[in-house]
Amino acid sequence: MSGKDWGIAIVLLIIGLLIGYLAVGPGRTTTTTVTRTSVKTVTVTQTAGAPPPKTTTKTAPPKKYADTIVIGVTDKVSDLDPANAYDFYTWEVFNNIGEGPFKYKPGTTELVKGIIEDYQVQEGGKVYILKLRKDLKFADGTPCTAKDLKWSIDRVARIQGDPAWFVLDFVNKTEVIDDHTLKIVLKQPIAFYPAVLAVPTYFPIPPSKYPADKISSDNTAGSVGPYKITKWVRDQVLVLETNPYYYGEKPKTPKVVIKFYKDATTLRLALESGEIDVAWRTLNPTDIKDLMKKPNIQVIEGKGSFIRYIVFNTKIKPFDNKKVRQALAAALDRKAIAERVFLGTVDPLYSLVPMGMWSHVDAFKEKYGEANVELAKKLLKEAGYSESNKLKVELWYTPSHYGDTEADVAALIKEAWEKTGMVEVTVKSAEWSTYLELTRKGQLPVTLYGWYPDYIDPDDYLYPFLHTGSNRWLGEPYSNPKLDKILEQAQVSLDHNKREQLYKQAQEILAEDAPIVPIFQGKLYVAAKKNVHGIVLDPIMLLRYFLIYKETGS
Amino acid sequence: MSLRAYVITRILMTIPMILILLTLVFLVMRVLPGNPVIAIVGMKASPQYIKKLEHQLGLDKPLWLQYVDYLGNLLRGDLGRSMIWGKRPVIQEIMDHFPATLELTIGGFLVSVILGLATGMVAGIRSGGKLDASMRIYSITVYSLFIPLLGMMLQLVFGVWLHLLPVGGRIDPGLEPPAITGLYVLDSLLALKLDSLTSALAHLVLPSFTLGLVLSGIYTRLVRSSLMEVLGQDFIRACKARGLPGRAILFRHALKNALIPILTMMGLQFALLLAGAVLTETTFSWPGMGTFLVERITYRDFTTIQGSIVFYALFVALVSLVVDLVYAYVDPRIRY
């Protein structure tokens, strides 16, 4: 066979394969883009497990709304047991398949009653009497009573998994008063306890489906929420379908398919190719900007409540010197980071309490301004540094936890600090687990971290960072008895105005001492096809799949 | 040495190999800072809670005792349980991810061998000509392609623009065939599920082609040089003198002889690919061993990493044994 023959043979083979593929592909007889996209949707609808609903037949007139929505994420579901699940994405799934005594009104940070009809707070906030709805049922149709809720909460305490502190730190005991009434006695009054009662750790789960004292990580029995899990292949796909026993309004879309991607760019391409309807967490800033220009795609922006910050370990020299920390806080150029690294997809932040949350004050901006090199120089001089005797800073970051942008964030912090001419920064990095361990041991002088809230309250943004002993995970970098007292008072006070004053005071002290310096607050972005509606983004940061729907046939 | 004795010796040789590998991995993982408990517990976890988890996982025991325990379990065929998320049995984790890797390996391998053999043969037969030069340029060009970039371009063209092929994943949700081997293409065939087969093949095309195209460059050069060497030998001239047709000379005599060094390369490459083509897997969200292991190394999931290493060592030993046996088939001069 000559070279030419071979060439022809290869071309023929490729063409043959392509034709073969096109010929056997289901419904791939037409060639327009629009038709293919719609065919793809049908493929998913027809084959995602269950037979089509009885009310739907192939000859039925075109529906207004799609039966299935496909959502793509780069996150992962870690553990389908509320006693051990403690990460944001898994909690999002739980918020779609379950519900706690309290929940957030979509689009707000307002707490409303969830699986309870009514509740009473007694003994100055120490006792909660929860009256459960009488029509509450698990996804398998069995009734959910106060006994089940007690069993679920006690189980969390018994198993002592990662989120067990939500129960162990607060609850003294639980008592069933009758079939629909549960009494929770706290160790002491907690001002924000209703917010704690909204976390998945307090969701009721069916005792017949979960082992009493063991973690059941791959359990798909679900809870009492709008959806139930019908399929789960770890790291690949999660399928949710309407829970027919949910007491509330039925989900707008009967079936939600969640596809797990490993790469943010692939996630974006999957949206563009029509494989998914919604691209959720987490798209790259460049992809978000690009998608905003696409005619068939909508990008929805929302307020986020996750924050990023710099931690100075005040036990390590020279960061034990307040003036050094203040100087570095003053020189920080948050706007440059927000605009150059994140292309405006994050907002500069001047307090640990995020913007939009009650009690927030721009404490750092008021005290230091923004990228205030002159003030930084003055403070550095006072601390004994000069152009010839530079302050040496070892700045650590981790490349394996906060995304590809982290190295750039560190580079811009270095750039801002070195603009003073009196600081020399060495940037170092370590893998996530190494980074965490070295930080916890108090060996890293300056580190970059991020925080997703456990519950929506200023307490969650201040106490774990600044209260003595609570910041062990940061290597106990800071302790201030005066601040401890303020935070403790704010935690137990039931007077909202008093709490607000206390938290404002705490933020002033934080800015003055500057052991932790806020950098930015993230925004939320969802990109979706233009015909997808009902996406609600709020600072709770959990996407409610049951509100989303897709128009078809219009 | 008989063939049986050879095979037994080879199998016995894998035991010290695995032991050395395992010991190294065991020590390196534990010497490095970072442990699985700290990597996964919430930031608010108390030191007592961390200690409790370390105790549960046996991480508070002396190193030698952990090692002895692990070897003991291994001898009983127990690879242990993962130390993080879900704490699932390691063997189950491997079985969940390995078939995906094997499927991609076979796909990428076939593409690379077919393209490499075809281009290499063209170059070898037409050595010195324009075709040869083109094939050599092809070889260098494809080998220097960066997988994520090539992958992304293919995703853009075939996924976004032409809507012909999916950009990520192994199969459309809901179309998974009944699990028999874990290889979706094969399982779909066995279950006679045409829609599953189509979907699995469609998902396999882009990652296999990306991986295969890049690797085919090596074969082009190898086949070319090997073939040129064989074509210049006396027995080929003798064949020609006896009036054998060119095609018979090439396929029956020249290629068979030229294949020996290529087989070695194939064996090595197949084994290498089994460890997971991390870049390809990431680009195409392919749920294989490569990305899985990288993630588990980041989180210091000791047992999963150790278990996967043992599994791989066994598999690679098996592949290299098969390659050695194939030598004997291809080249009758080789006897064991």
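Definitions and limits used
Residues numbered from 1 in each chain as written. Chains lettered and ligands numbered in written order. Predicted model: local features only at pLDDT ≥ 70, side-chain atom pairs only at ≥ 80, totals over all residues. Heavy atoms only, no water. Helix = DSSP H or I, 4+ residues; strand = E, 2+ residues; numbered from the N terminus. Buried < 20%, exposed > 50% of the residue type's maximum accessible area, 1.4 Å probe, protein only. Contact = heavy atoms within 4.5 Å. Areas by Shrake-Rupley, 256 points an atom, 1.4 Å probe, with all protein chains shown as cover. Pairing = 2+ DSSP bridges. Core = buried A, V, L, I, M, F, W, Y, C linked by side-chain atoms within 4.5 Å. Domains from an automatic or database assignment. Buried area = accessible area lost by both parts, 1.4 Å probe. Salt bridge = Lys/Arg side-chain N within 4 Å of Asp/Glu carboxyl O. Polar contact = N/O pair within 3.5 Å; in protein donor to acceptor, adjacent residues only side chain to side chain. Nonpolar A, V, L, I, M, F, W, Y, C, P; charged D, E, K, R; others polar. Phe/Tyr/Trp six-rings, centres within 6.5 Å; stacked < 30°, edge-to-face > 60°. Lys NZ or Arg CZ within 6 Å of the ring centre and 35° of its normal. Axes fitted to C-alpha atoms, helices over the stretch in contact; angles between N-to-C directions. Patch = residues over 30% accessible without salt bridge, like charges linked within 9 Å, V, L, I, M, F, W, Y side chains within 5 Å. Expected span 1.5 Å × (residues − 1). Bend = angle between axes of the 7 residues up to and from the residue. Left-handed = near helix turned anticlockwise from the far one by under 90°. Lys, Arg positive; Asp, Glu negative; His and termini not counted. pLDDT = per-residue confidence, 0-100.

S.K.: Let's hear about the overall build of chain B: which residues, and what values?
M.R.: Helix and strand content of chain B: 14 helices and zero strands. The N-to-C order of helical and strand elements in chain B reads α-α-α-α-α-α-α-α-α-α-α-α-α-α. C-alpha atoms of chain B, sized along the principal axes, occupy 85 × 60 × 40 Å. Every one of the 336 residues in chain B was classed for burial, and the buried ones make up 54%. Partitioning the intrachain contacts of chain B with sequence separation of at least 6 by distance along the chain shows that 73% fall at a separation of at least 24. Of the roughly 15,400 Å² of accessible surface on chain B, 72% is carried by carbon and sulfur atoms.

S.K.: Tell me what's going on with the pairing of strand S1 (residues 68-73) of chain A, and back it up with residues and numbers.
M.R.: Consecutive side chains of a regular strand alternate in pointing toward one face of the sheet and then the other. Residues and elements named next belong to chain A. Across the six residues that make up S1, a large majority, six, are buried. Here S1 shows no split at all, with Thr 68, Val 70 and Gly 72 on one side and Ile 69, Ile 71 and Val 73 on the other all buried. Across six bridges, the pairing between S1 and strand S10 (residues 255-260) is parallel. Paired with Ile 71 across the bridge in S10 is Ile 258. For S1 and strand S11 (residues 278-279), the ladder comprises two bridges, and the chain directions are parallel. Along S11, the bridge assignment pairs Gly 72 with Ala 279.

S.K.: Which residues make up the nonpolar core, and what values do they have?
M.R.: Soluble, globular proteins show a tendency: their nonpolar side chains are buried together. One finds Tyr 193 and Trp 417 of chain A to be the most contacted residues of the largest nonpolar core, which totals 176 residues. In this structure, this core is formed jointly by two domains, domain 1 (68-302 + 525-553) and domain 2 (306-522) of chain A, each of which donates at least three residues. Beyond its immediate sequence surroundings of up to four residues, Tyr 193 of chain A is in contact with Tyr 128, Phe 170, Val 171, Ile 184, Leu 186 and Tyr 202 of chain A. Among the nonpolar cores identified, the runner-up in size contains 42 residues, and Leu 71, Leu 102, Cys 239 and Ile 249 of chain B belong to it.

S.K.: Hey, could you go over the pairing of strand S7 (residues 181-186) of chain A for me, with residue numbers and the actual values?
M.R.: All names here are of chain A. Here S7 lies mainly inside the structure; five of its six residues are buried. Here strand S5 (residues 127-132) pairs with S7 via five bridges, running antiparallel. Within S7, the residue paired with Leu 130 across the bridge is Leu 182. Sheet analysis places strand S6 (residues 171-178) next to S7, joined by six bridges and oriented antiparallel. The residue of S7 that forms the bridge with Val 171 is Leu 186.

S.K.: Give me the lowdown on the interface of chain B and chain A, citing residues and values where you can.
M.R.: At the junction of the two partners, chain B supplies 60 residues and chain A supplies 70 residues. Taking both partners together, chain B and chain A bury about 5,500 Å²; carbon and sulfur atoms supply 62% of that area. Taken together, the links from chain B to chain A amount to three salt bridges. Put simply, Asp 218 of chain A and Arg 88 of chain B hold a salt bridge, and the shortest N to O gap is 3.1 Å. Counting the contacts that link chain B with chain A gives 14 residue pairs in polar contact (both at pLDDT 80 or more). Secondary-structure elements contributing two or more residues to the side of chain B that touches chain A are helix H2 (36-40), helix H3 (47-56), helix H5 (90-125), helix H7 (147-161), helix H9 (194-231), helix H11 (246-274), helix H12 (278-283) and helix H13 (289-298) of chain B. Looking at the side of chain B that touches chain A residue by residue, the class counts come to 32 nonpolar, 17 polar and 11 charged.

S.K.: Mind laying out the side chain of Thr 304 of chain B, listing which residues take part and the relevant values?
M.R.: Residues and elements named next belong to chain B. Residue position: Thr 304 is located in helix H14 (residues 302-330). Judged by relative accessible area, Thr 304 falls into the buried class, the value being 0%. A distance of 2.6 Å separates polar atoms of two side chains, one belonging to Thr 304 and the other to Asp 301. Among residues more than four places away in sequence, those in contact with Thr 304 are Ser 82, Val 90, Phe 292 and Arg 296.

S.K.: Provide a residue-level description of the domain arrangement of chain A, including the pertinent values.
M.R.: Residues and elements named next belong to chain A. Assigned domains within chain A: domain 1 (68-302 + 525-553) and domain 2 (306-522). Relative placement of domain 1 and domain 2: their C-alpha centres are 31 Å apart. In this complex, domain 1 contributes 26 residues to the contact, which on the side of domain 2 involves 20 residues. Regarding the contact of domain 1 and domain 2, the summed buried area is about 1,800 Å², with carbon and sulfur atoms giving 71% of it. The largest per-residue losses of area from domain 1 upon contact with domain 2 belong to Ala 191, Phe 192 and Pro 285, which jointly make up 30% of the total buried on that side. Inspection of the region where domain 1 meets domain 2 yields zero salt bridges. The set of elements that each furnish at least two residues to the side of domain 1 that touches domain 2 consists of helix H3 (88-97), helix H5 (165-168), helix H6 (193-196) and helix H8 (285-291).

S.K.: For the packing of aromatic side chains, give the residues involved together with the corresponding values.
M.R.: All names here are of chain A. For the structure shown, the criterion picks out 38 aromatic pairs over all chains. Note on Trp 432 and Tyr 449: the rings are 6.3 Å apart at their centroids and 55 degrees apart in plane angle, and the pair reads as tilted. One end of the pair, Trp 432, is in helix H14 (residues 432-440); the other, Tyr 449, is in strand S16 (residues 446-451), and 17 residues separate them in sequence. Each member of the pair Trp 432 and Tyr 449 is classed as buried. Of the aromatic side chains, those joined through ring pairs into one cluster are Tyr 86, Trp 91, Tyr 128, Trp 165, Phe 166, Phe 170, Phe 192, Tyr 193, Tyr 202 and Tyr 455. If you follow Arg 308 out to its NZ or CZ, it ends over the ring of Tyr 402, 3.9 Å from the centre. One Lys or Arg, Lys 367, reaches over the ring of Tyr 368 and ends 5.9 Å from the middle of that ring.

S.K.: Let's hear about the sheet that holds S7 of chain A: which residues, and what values?
M.R.: Residues and elements named next belong to chain A. Strand order in the open sheet formed by four strands is S4-S5-S7-S6, and the pairing between neighbours is antiparallel. In this open sheet, the two strands that pair with only one neighbour each are strand S4 (116-122) and S6. Between one strand axis and the next, the sheet turns through 15 degrees on average, direction left out of account.

S.K.: Give me the lowdown on a nonpolar patch on the surface, citing residues and values where you can.
M.R.: A grouping of Phe 146, Leu 149, Met 153 and Leu 279 of chain B is seen on the molecular surface, where their side chains present a nonpolar patch of about 420 Å² in accessible area. Examined against the element boundaries, Leu 149 of chain B turns out to sit in helix H7.

S.K.: So what about H7 of chain B? Which residues, and what values?
M.R.: The end-to-end C-alpha separation of H7 of chain B is 20 Å, in line with the 21 Å expected for 15 residues at 1.5 Å each. At Gln 155 of chain B, H7 of chain B is bent by approximately 25 degrees, the largest bend along its length. Those residues of H7 of chain B that sit buried are Ile 147, Pro 148, Leu 150, Gly 151, Leu 154, Gln 155, Gly 159 and Val 160 of chain B. Looking at the buried positions of H7 of chain B, the neighbouring elements they touch are helix H7 (264-273) of chain A together with H9 and H12 of chain B. Note on H7 of chain B: the residue one or two positions beyond its end, His 163 of chain B, has a positive phi of about 55 degrees.

S.K.: Quick one: what's the story with the packing of H5 of chain B against H9 of chain B, residue by residue and with numbers?
M.R.: It is the contact of H5 of chain B with H9 of chain B, at a shortest axis distance of 5 Å, that shows an interaxial angle of 35 degrees. The chirality of how H5 of chain B crosses H9 of chain B is right-handed.

S.K.: Quick one: what's the story with the side chain of Glu 241 of chain A, residue by residue and with numbers?
M.R.: All names here are of chain A. Relative to the helices and strands, Glu 241 is located in strand S9 (residues 237-242). There is no salt bridge for the buried Glu 241, and the closest opposite charge comes from Lys 255, which lies 4.3 Å off by N-O distance. There is a polar contact of 2.9 Å between the side chain of Glu 241 and the side chain of Thr 230.

S.K.: Provide a residue-level description of the confidence of the model for chain A, including the pertinent values.
M.R.: Reading predicted coordinates in detail is not appropriate for stretches of low pLDDT. The predicted model of chain A has a mean per-residue pLDDT of 88, with 88% of residues at 70 or higher. Taken together, the stretch residues 16-58 of chain A has pLDDT below 50 and engages in 48 contacts with residues farther than four places along the chain or on a different chain.

S.K.: How would you sum up the confidence of the model for chain B? Please name residues and give values.
M.R.: All names here are of chain B. Confidence in the prediction of chain B, expressed as mean pLDDT, is 88, and 98% of residues score 70 or more. Mean pLDDT across the elements of chain B bottoms out in H2 (81) and peaks in helix H8 (residues 184-190) (95). With pTM at 0.85, the complex prediction returns an ipTM value of 0.86.

S.K.: Any chance you could break down the pattern of salt bridges for me, citing the residues and the numbers?
M.R.: Two side chains of opposite charge can pair, provided their charged atoms sit close to one another. Residues and elements named next belong to chain A. Enumeration over the complete set of coordinates arrives at 50 salt bridges over all chains. A salt bridge links Asp 277 to Lys 529, with the shortest nitrogen-to-oxygen separation between them at 2.8 Å. Of this pair, Asp 277 sits in the loop between H7 and S11 while Lys 529 sits in strand S17 (residues 516-529), and the two are 252 residues apart along the sequence. Residue class for Asp 277 comes out buried when judged on its relative accessible area of 3%. Of the residues examined, Lys 529 reaches a relative accessible area of 12% and is grouped as buried. Arg 499 is the partner of Asp 457 in a salt bridge, and the nearest nitrogen-oxygen pair spans 2.8 Å. Residue Asp 457 is found in the loop between S16 and helix H15 (459-466), and its partner Arg 499 is found in helix H17 (residues 496-513); the two are separated by 42 residues along the sequence.

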